[in-house]
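# Chains, contacts and geometry: an overview
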Amino acid sequence: QVQLVESGGGLVQPGGSLRLSCAASGSIFSISNMAWYRQAPGKERELVAAIRTGDNTNYADSVKGRFTISRGSAKNTVYLQMSSLKPEDTAVYYCNAFTPPGIISWGQGTQVTVSS
């Protein structure tokens, strides 16, 4: 079992920055991939960024060049550095962990609001 807790959301003006954190606990050594998803009101949850074994990363086209996903040194924390934020980035952001062979864990979500 893996438990995930997100933090770092909030209200920011367009063009601003935020860093989200996700702390994993429990069976963290079994985690292979971690990711950030987001869900805006009335929309489906979508992948924002993922980091895999070997620290290979991939990003949604809408955030490439603006967001960076990374792991902490202890490997039980994943971050999402968000820059040049736009109103369309407003959403609840969820941390996700994948444990082979097929267990997916979710955090409770953290709200990010980009507004002037």
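Refer to the structure presented above.
Residues numbered from 1 in each chain as written. Predicted model: local features only at pLDDT ≥ 70, side-chain atom pairs only at ≥ 80, totals over all residues. Heavy atoms only, no water.

When you go through the protein chain residue by residue, the secondary structure sums to zero helices and eleven strands. Its helices and strands in sequence order give the protein chain the pattern β-β-β-β-β-β-β-β-β-β-β, from N to C terminus. Here the C-alpha radius of gyration of the protein chain, 13 Å, is about what a compact globule of 116 residues would show, namely 13 Å. Taking the principal axes of the C-alpha coordinates as reference, the protein chain spans close to 40 × 25 × 20 Å. (Helix = DSSP H or I, 4+ residues; strand = E, 2+ residues; numbered from the N terminus. Rg over C-alpha atoms; globule rule 2.2 N^0.38 Å.)

Strand order in this open sheet of four strands is β1-β3-β8-β7, and the pairing throughout is antiparallel. The open sheet terminates on both sides in strands that have one partner only, identified here as β1 (2-7) and β7 (67-71). Strand-to-strand twist of the sheet, defined as the mean angle between neighbouring strand axes without regard to direction, takes the value 15°. Sheet topology places β1 next to strand β3 (residues 18-26); six bridges connect them, and they run antiparallel. (Pairing = 2+ DSSP bridges. Axes fitted to C-alpha atoms, helices over the stretch in contact; angles between N-to-C directions.)

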